[in-house]
Every structure is written in C-alpha cells, then in structure tokens.
Amino acid sequence: IFRHNGVHFTEKDIRGLINQISSKEVEEGEQTKRTGRFGTGFLTTHLLSKVIDISGIVETNDFELFRFQFPLDREGNSISQLVPKIENAWQEFKYHLNSDEQKKIARAGTEEFMQLIPFVLTFIPNIDKVEIIDNVENETLSFTNPESSNYESIFTIEKDCNGTISQIFILYASNEKVTIAAEVEKQDDNFIIKSHKNVPKLFCDFPLVGTESFHFPVIVNSFYFNPQIERDGIWLKGSEDLEVMENQSLLEKALELYKTLMNKVSSQNFYHLFNMANSKMPETNEKYFDEYWYSENIQEPLRTFLLQKPIIELESNSKEKKLPKDVWFPSRSYSKEVQKNLWKYTYDLYDEAVCKENHIQDWLEVYW
C-alpha cells in the first residue's frame, strides 16, 4: 500500500491518470510546479501490478469534496467505463501481488526506496515524514524531515526503525533551480563523504532510475529537468531543442554549485573526497547525449577546477590535504601489466590493510 496525506487531485489530474497521459498534455499551454507533471512515474508502477485499488478524496468542479474508491485494471476493459464516471484524487494505492516475481520486485523497490528517500526529503522539504510498514519483516521505519539542522549545509534526516533512532546526514547546496547533494557520515568532529556509486545521479524531485552511471561527482536535482519518457535520463542532445538547452543550462548551474561546495569541504573537516571527485564521461544512451557539449562545458571545467583544490588525503597525515599536482599518480597510459605491478608493489610496501584504509585504489580509479 502506498498512501499520502497531501493535497487531493483535480479532475484534470484524474483524466491524465485514467487515460495514461501526462498532466503536461492535460494542461496544455499551462505552467505547473507540480512534481508529477510528466505522467510517467505512475505508469512505471504497472511493472509491480496491473491491478490497483485506488481510494481517496476528490474535489469536483463545484468545489465539493467526496470520498471515492475504484479499481484501476490495466488487464481488462474497465478503464473506458471508469473515464466518464470517476472524478477523483487518489490518496491510497493497493497493488495486488500474486506471484513470487511481483513480490521480488516489491522487495527490491522497497530497499531502493529506503536508500533514496533521504535525498527526496532533502529536495522536497514539504514532505514532513515517510513511513514504511513492513509486515513481512515486522518492521516499521520512518524518515522524518526536521525543522532545522545543527550543521551548516547539511540536512539531517531522522530515521526510526522500531524505536531505534539514528540520523542520516545529507551535504547539499542549492540555488533557485538546482540542488546538489551527497550523503555524509559523522565521525567525531569530522564528516566522511560516502560513496554514491549505485545511487541515481539525476533527480527530478524524485530519482531518475537509470542514471547511476551518469558519473557527475554529486547528485543533481532539479524540478525543471526535462526527463526522457522512461524517466531514466534527461535530454542532452539537440542544440536547437529548448528542453535540451534547459537541461544543459541546469547542469551548468549544478557545476557552479559543486565548485562552491567543494571549496567548503576541501578546506574544512570533510574527508574521503574521492567520493565527490568522479569526473568520468557519463555512460548513457548516445542518442540523447552530446559528448562534445558535455566534455567542453562540464567535464573539462570540472577537471580544471579539481586540479587546483586540496582534495587528496595522505597516509602520513590524515588531516592534511594536497593539491593533485603535488601528488604523483601512475599514468593511465601505462600498460595493464605495469599498473598491476605498481599496485602489487604498493600492497607490499604498506600492506593491504593500510591501502584499503586510505582508499588508495579509490583514488587511482578516480584518477584513471
């Protein structure tokens, strides 16, 4: 069951829901600031189940409120019968899970949801609390958006698992159209930047699943992104396309925010900066991606900037950070055999535990 206590839906929203068209099409010529304006997010949940019970409250055109309940069945012919009858705003969904495969999808989705919800709460502070009731594992988890944080530039999410309270820290920076973020872990007076290797790098308020290999060094969110139909990326190819130009402009704004945030963390008590230094070319569909534009406007300026920042921590002094130009890295042009021997020599010199503790291989992967 998915349930929320937010604003009810309008008749236009419901027409889009039932007819499988986006509210962008329903409200053609109108501007909206609603997150669900593309109409694709709900459709993707049919992967879970094609039969869904929906109930909630609807406001009619006469501004009257009514409770409603109806089944949305994508397997039968009931949709056409529902269109002229139902004016509703959905508040609750119940998906029918009949097969092991459906249950497997539900479990994977729940685990991913728990991983990503702290970012969503950071990007959408209007959401006060999200609760997950797991009747299989007998767990109740809640993620709460606090009114304030004790740390500058860090959003603190409170996690409650069956009464055990913990905190999740999200480092962030934002402007009027873009927010960037990275999860950090507090250790004494320091903050350790965590890996977000398997986290979607692009959010349009909610994650664009499929952008895990976009390789921007932090997570980028913008309500104004124009996502692809499958919501697994954004349009970045087509110099005359207005949506492409808007997406490109938003990434450029994200880069400026990144520079501001990196100036802060490189000079303060933040460590494991290699988790915020990945500047590889995104792995994405070339049909939607202009590699030349990205290289010229994002990757090259990003790398030039990083070379001038003290971001490399040394084994001899964990508090000290060096400029990349002052630290020697084996050249990427070396053969695989030479790289392998260098890595073996490093292990022999320091021992494997020291190498892992100081994330030497992580830095080499970033550099190579």
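Provided above is the structure to which this section pertains.
Anyway, here's the lowdown on the structure attached to this text. Predicted model, so just to flag it, every value in this text is computed and none were measured. (Residues numbered from 1 in each chain as written. Predicted model: local features only at pLDDT ≥ 70, side-chain atom pairs only at ≥ 80, totals over all residues. Heavy atoms only, no water.)

1. Quick word on the nonpolar core
Burial of nonpolar side chains together is a common tendency in soluble globular proteins.
Alright, step 1. Ile180, Leu251, Tyr258 and Met276 are the most contacted members of the largest nonpolar core, which has 43 residues in total.
Alright, step 2. Going through the elements one at a time, strand S8 (164–174), strand S9 (179–187), strand S10 (190–193), strand S11 (202–204), helix H6 (242–267) and helix H7 (291–306) are the ones with two or more residues in this core.
Alright, step 3. For Tyr258, the contacting residues outside a window of four places in its chain are Ile180, Pro217, Val218, Met276, Ala277, Leu302, Phe305 and Leu306.
Alright, step 4. One finds Phe123, Val130, Phe155 and Ile157 within the second-largest nonpolar core, a separate group that totals 19 residues. (Core = buried A, V, L, I, M, F, W, Y, C linked by side-chain atoms within 4.5 Å. Buried < 20%, exposed > 50% of the residue type's maximum accessible area, 1.4 Å probe, protein only. Helix = DSSP H or I, 4+ residues; strand = E, 2+ residues; numbered from the N terminus. Contact = heavy atoms within 4.5 Å.)

2. Some points on the pairing of S9
Alright, step 1. Bridge count between S8 and S9: six bridges; the pairing is antiparallel. When the bridges of S9 are listed, Ser174 appears paired with Thr179.
Alright, step 2. In this antiparallel pair of consecutive strands, S8 and S9, the connection spans four residues.
Alright, step 3. Bridge count for S9 against strand S13 (residues 219–221) is three bridges, and the pairing is antiparallel. The residue of S13 that forms the bridge with Thr179 is Asn221.
Alright, step 4. With four bridges connecting them, S9 and S10 associate as antiparallel partners. (Pairing = 2+ DSSP bridges.)

3. A closer look at the environment of Ile154
Alright, step 1. Structurally, Ile154 is set in strand S7 (residues 154–161).
Alright, step 2. Relative accessible area serves as the criterion here: at 2%, Ile154 is assigned to the buried category.
Alright, step 3. Sequence separation between Ile154 and Ala173 is 19 residues, and the spatial gap between their C-alpha atoms is 8.6 Å.

4. Some words on helix H5 (residues 100–123)
Alright, step 1. The end-to-end C-alpha distance of H5 is 34 Å, a good match for the 34 Å that 24 residues give at a rise of 1.5 Å each.
Alright, step 2. At Leu116, H5 shows its largest kink, close to 45 degrees, and the proline Pro118 lies no more than four residues downstream.
Alright, step 3. Residues of H5 that are buried: Gln102, Ala106, Leu116, Ile117, Pro118, Phe119, Val120, Leu121, Thr122 and Phe123. (Expected span 1.5 Å × (residues − 1). Bend = angle between axes of the 7 residues up to and from the residue.)

5. Notes on the packing of aromatic side chains
Alright, step 1. Tallying each qualifying case throughout the model produces 15 aromatic pairs.
Alright, step 2. Between Phe123 and Phe203, the ring centres sit 5.2 Å apart and the planes meet at 70 degrees, which makes this aromatic pair edge-to-face. Taken as a pair, Phe123 in helix H5 and Phe203 in strand S11 lie far apart in primary sequence, 80 residues in all. Of the two residues examined, Phe123 and Phe203, each falls in the buried class.
Alright, step 3. With centroids separated by 6.0 Å and ring planes inclined at 80 degrees, the aromatic side chains of Phe155 and Tyr172 adopt a geometry described as edge-to-face. With Phe155 in strand S7 and Tyr172 in strand S8, this pair connects stretches of sequence that are 17 residues apart.
Alright, step 4. Exposure remark for Phe155: the relative accessible area of 16% places this residue in the buried category.
Alright, step 5. In this structure an aromatic cluster arises from ring pairing among Tyr151, Phe169, Phe191 and Phe270.
Alright, step 6. The aromatic ring of Tyr224 is capped on one face by Lys177, whose charged end is 4.9 Å from the ring centroid. (Phe/Tyr/Trp six-rings, centres within 6.5 Å; stacked < 30°, edge-to-face > 60°. Lys NZ or Arg CZ within 6 Å of the ring centre and 35° of its normal.)

6. Points about H7
Alright, step 1. At Gln299, H7 is bent by approximately 30 degrees, the largest bend along its length, and proline Pro301 sits one to four residues beyond.
Alright, step 2. Among the residues making up H7, those that are buried are Trp293, Tyr294, Ser295, Ile298, Gln299, Leu302, Phe305 and Leu306.
Alright, step 3. Residues of H7 that are buried in the fold lie against H6.
Alright, step 4. For H7, the N-terminal cap is Asp290; the gap from its side-chain oxygen to the backbone nitrogen of Tyr292 is 3.2 Å. (Polar contact = N/O pair within 3.5 Å; in protein donor to acceptor, adjacent residues only side chain to side chain.)

7. Digging into the environment of Asp134
Alright, step 1. For Asp134, the position within the fold is in strand S5 (residues 129–134).
Alright, step 2. The exposure class assigned to Asp134 is buried, which follows from its relative accessible area of 10%.
Alright, step 3. Remark: the alpha-carbon pair of Asp134 and Arg107, spanning 27 residues in sequence, is separated by 9.8 Å.
Alright, step 4. Within the local environment of Asp134, its side chain forms a polar contact with the backbone nitrogen of Glu137, the two atoms lying 3.0 Å apart.

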